[in-house]
Amino acid sequence: MSGEADLGGDPAPGDGAARDERPAQSGSAAPDEVPALDGAPAPDEAPALDEAPALDGVIHHPTRLTLVAFLSACDEAEFAAVRDGCRVSDSVLSKNASALEAAGYLHVRKGHVGKRPRTWLSLTPAGRQALDRHLAALQDLVDAARCAAGSVGA
């Protein structure tokens, strides 16, 4: 023996061969996992019996939900007013406004007041509908939790 480790024989549990036995991962979630909250059911997912609305993954982010909720109360608001009302920085508001705009939920209008550039934000009709669906989905979750809590105590 030369002091070298024996490399022959069966691998120990958890070594190379064991890794090869795992099933390949795919983009879909396992049946017992919660699907992504992107607002659309997975292609192989059976629709719910009561067709409850799904949470909207774009709006579900806390800052975006705050932004959309703020803008739902008005036709249009200046960037600074939205920033202050939502209590976020310019960069956070800009990043989240861009995400909402890319989803078609937000309209950004740029112009000038005197010589100063200004930006106004407003929800699109699709953005208002998405907020309504998202709030309905949240309410469904609350109702289901209350129903489940009531049935546990019975």
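First, a word on what this report is: a plain description of the structure on this page.

What counts, and where the lines are drawn
Residues numbered from 1 in each chain as written. Predicted model: local features only at pLDDT ≥ 70, side-chain atom pairs only at ≥ 80, totals over all residues. Heavy atoms only, no water. Helix = DSSP H or I, 4+ residues; strand = E, 2+ residues; numbered from the N terminus. Buried < 20%, exposed > 50% of the residue type's maximum accessible area, 1.4 Å probe, protein only. Contact = heavy atoms within 4.5 Å. Areas by Shrake-Rupley, 256 points an atom, 1.4 Å probe, with all protein chains shown as cover. Salt bridge = Lys/Arg side-chain N within 4 Å of Asp/Glu carboxyl O. Core = buried A, V, L, I, M, F, W, Y, C linked by side-chain atoms within 4.5 Å. Polar contact = N/O pair within 3.5 Å; in protein donor to acceptor, adjacent residues only side chain to side chain. Phe/Tyr/Trp six-rings, centres within 6.5 Å; stacked < 30°, edge-to-face > 60°. Lys NZ or Arg CZ within 6 Å of the ring centre and 35° of its normal. Disulfide = S-S within 2.5 Å. Pairing = 2+ DSSP bridges.

1. A few points about the overall build of the protein
Here comes step 1: A count of helical and extended segments in the protein gives 6 helices and 3 strands.
Here comes step 2: Reading the protein from its N end, one meets helices and strands in the order α-α-α-β-α-α-β-β-α.
Here comes step 3: Within the span of the protein, comprising 154 residues, buried residues form 18% of the whole.
Here comes step 4: A sequence separation of at least 24 residues applies to 51% of the contacts in the protein between residues at least 6 apart.
Here comes step 5: Surface accessibility of the protein: about 11200 Å² in total, with carbon and sulfur atoms responsible for 55%.

2. A look at the pattern of salt bridges
When their charged atoms lie close together, side chains carrying opposite charge are able to pair.
Here comes step 1: For the structure on display, the rule yields 4 salt bridges.
Here comes step 2: Between R109 and E76 there is a salt bridge whose closest N-O contact spans 2.9 Å. Taken together, the residues span a long stretch of sequence, with R109 in strand β2 (residues 106-113) and E76 in the loop between α3 (62-72) and β1 (77-78) at a distance of 33 residues.
Here comes step 3: For E76, a relative accessible area of 34% corresponds to the partly exposed category.
Here comes step 4: Across the salt bridge formed by D84 and R83, the nearest N and O atoms sit 3.0 Å from each other.
Here comes step 5: For R83, a relative accessible area of 23% gives the class partly exposed.
Here comes step 6: Connected through salt bridges with shared partners, the residues R83, D84 and D90 form a single ionic network.

3. Focus on the nonpolar core
Here comes step 1: If you look at the biggest cluster of nonpolar residues, it comprises 17 residues, and the most contacted ones within it are L67, L71, V82, L106 and L121.
Here comes step 2: Beyond its immediate chain neighbours, meaning those up to four positions away, L71 contacts A77, V82, L106, L121, S122, L123 and R128.

4. Focus on the environment of R83
Here comes step 1: With respect to the element layout, R83 can be found in helix α4 (residues 79-86).
Here comes step 2: Separated by 10 residues in sequence, R83 and L93 have C-alpha atoms that sit 6.3 Å apart.
Here comes step 3: Apart from the residues lying within four places of it in its own chain, the contact partners of R83 are V88, S89, D90 and L93.
Here comes step 4: Side-chain polar atoms of R83 contact the side chain of D84, separated by 3.0 Å.

5. Let's talk about the packing of aromatic side chains
Here comes step 1: Within the structure shown, the criterion is met by 0 aromatic pairs.
Here comes step 2: Over the ring of W120 we find R109, and its NZ or CZ is 4.1 Å from the ring centre.

6. Digging into the state of the cysteines
Here comes step 1: Summed over the entire model, instances satisfying the criterion amount to 0 disulfides.
Here comes step 2: No disulfide involves C74; its sulfur sits 9.7 Å from the nearest other cysteine sulfur, which is in C86.

7. Structural notes on unusual backbone geometry
Here comes step 1: Within the chain, R87 stands out as a residue other than glycine whose phi angle is a positive 55 degrees.
Here comes step 2: Along the chain, the position of R87 falls in the loop between α4 and α5 (90-102).

8. Focus: the pairing of strand β3 (residues 116-123)
Here comes step 1: With 2 bridges joining them, β1 and β3 adopt antiparallel strand pairing. When the bridges of β3 are listed, E78 appears paired with W120.
Here comes step 2: Alignment of β2 against β3, held across 8 bridges, turns out to be antiparallel. Of the residues in β3, the one forming a bridge with H112 is P117.
Here comes step 3: In sequence, β2 turns back onto β3 through a hairpin of 2 residues, with G114 there showing a positive phi of about 70 degrees.

9. What about the sheet that holds β3?
Here comes step 1: Within the open sheet, the 3 strands sit side by side as β1-β3-β2. Their pairing is antiparallel. Looking at the sheet topology across the chains shown, the edges are occupied by β1 and β2.

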